[in-house]
Amino acid sequence: LTDNGLIDRMTDYDTYLEENDIKLENIYKEIHSVLDKYGFILRYPEDKQDITGVIYEPWHWRFVGIDVAKDINSKNMCLEEYIEEINNKGSAKE
């Protein structure tokens, strides 16, 4: 319970995850390896903080569609880089 008597969380799941960070990181790696197969990307990759402005969030995924996800991942891009690439291609056509 919190100071005002409200329930802070329903289970010990958060505590369990904190205590098992290594296991959790391995689970995230497995999930990340198949995200694009289902049209998702890792929204805030570890090596793109300077571009996204957000720290690495292994649990934060974004649906962009299978083709776009595969393209982003094959180029090792984050969403901001991909959008910039698309905008630059559009500007070149004009």
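Since we're looking at a predicted model, the values are computed, not measured.

(A) Main features of the nonpolar core. Listed in full, the 6 residues of the largest apolar core are Ile41, Ala69, Ile72, Met77, Leu79 and Tyr82. Those elements that provide at least two residues to this core are helix H4 (66-74) and helix H5 (79-93). With sequence-adjacent residues up to four places away left out, Ile41 is seen in contact with Leu35, His60, Trp61, Arg62, Val64, Ala69, Ile72, Asn73 and Leu79.

(B) Spatial organisation of the pattern of salt bridges. Per the stated rule, a full pass over the model turns up 5 salt bridges. Between Glu85 and Lys75 there is a salt bridge, and its shortest N-O distance comes to 2.8 Å. Separated by 10 residues along the polypeptide, Glu85 in helix H5 and Lys75 in the loop between H4 and H5 bring together distant segments of the chain. The salt bridge partner of Glu85 is Lys89, with a shortest N-O separation of 3.9 Å. One end of the pair, Glu85, and the other, Lys89, are both in helix H5, 4 residues apart, so they sit about a helical turn from each other. Look at Glu85 and you get buried, because its relative accessible area is 19%. One continuous salt-bridge network, built from bridges that share partners, spans Asp71, Lys75, Glu85 and Lys89.

(C) Fine view of the packing of aromatic side chains. Across all of its chains, the model carries 2 aromatic pairs by this definition. Pairing Tyr28 with Trp61 gives two aromatic rings, centres 6.5 Å apart and planes at 70°, and the pair type is edge-to-face. Linking Tyr28 in helix H2 (residues 21-32) with Trp61 in strand E2 (residues 57-63), this pair joins segments that are 33 residues apart in sequence. Relative accessible area serves as the criterion here: at 33%, Trp61 is assigned to the partly exposed category. When the ring of Phe40 is compared with that of Phe63, the centres are 5.2 Å apart and the planes differ by 70°; the resulting orientation is edge-to-face. Of the two residues, Phe40 sits in strand E1 (residues 40-44) while Phe63 sits in strand E2, which places them 23 residues apart along the sequence. Classification of Phe40 as partly exposed rests on a relative accessible area of 29%.

(D) Layout of the side chain of Thr52. With respect to the secondary-structure elements, Thr52 resides in helix H3 (residues 49-52). Overall, Thr52 belongs to the buried group, its relative accessible area being 13%. Polar contacts involving the side chain of Thr52 include one to the main-chain amide nitrogen of Val54, which spans 3.1 Å. Apart from residues no more than four positions distant in its own chain, Thr52 is found in contact with Arg43, Tyr44, Cys78 and Glu80.

What counts, and at which threshold
Residues numbered from 1 in each chain as written. Predicted model: local features only at pLDDT ≥ 70, side-chain atom pairs only at ≥ 80, totals over all residues. Heavy atoms only, no water. Core = buried A, V, L, I, M, F, W, Y, C linked by side-chain atoms within 4.5 Å. Buried < 20%, exposed > 50% of the residue type's maximum accessible area, 1.4 Å probe, protein only. Helix = DSSP H or I, 4+ residues; strand = E, 2+ residues; numbered from the N terminus. Contact = heavy atoms within 4.5 Å. Salt bridge = Lys/Arg side-chain N within 4 Å of Asp/Glu carboxyl O. Phe/Tyr/Trp six-rings, centres within 6.5 Å; stacked < 30°, edge-to-face > 60°. Polar contact = N/O pair within 3.5 Å; in protein donor to acceptor, adjacent residues only side chain to side chain.

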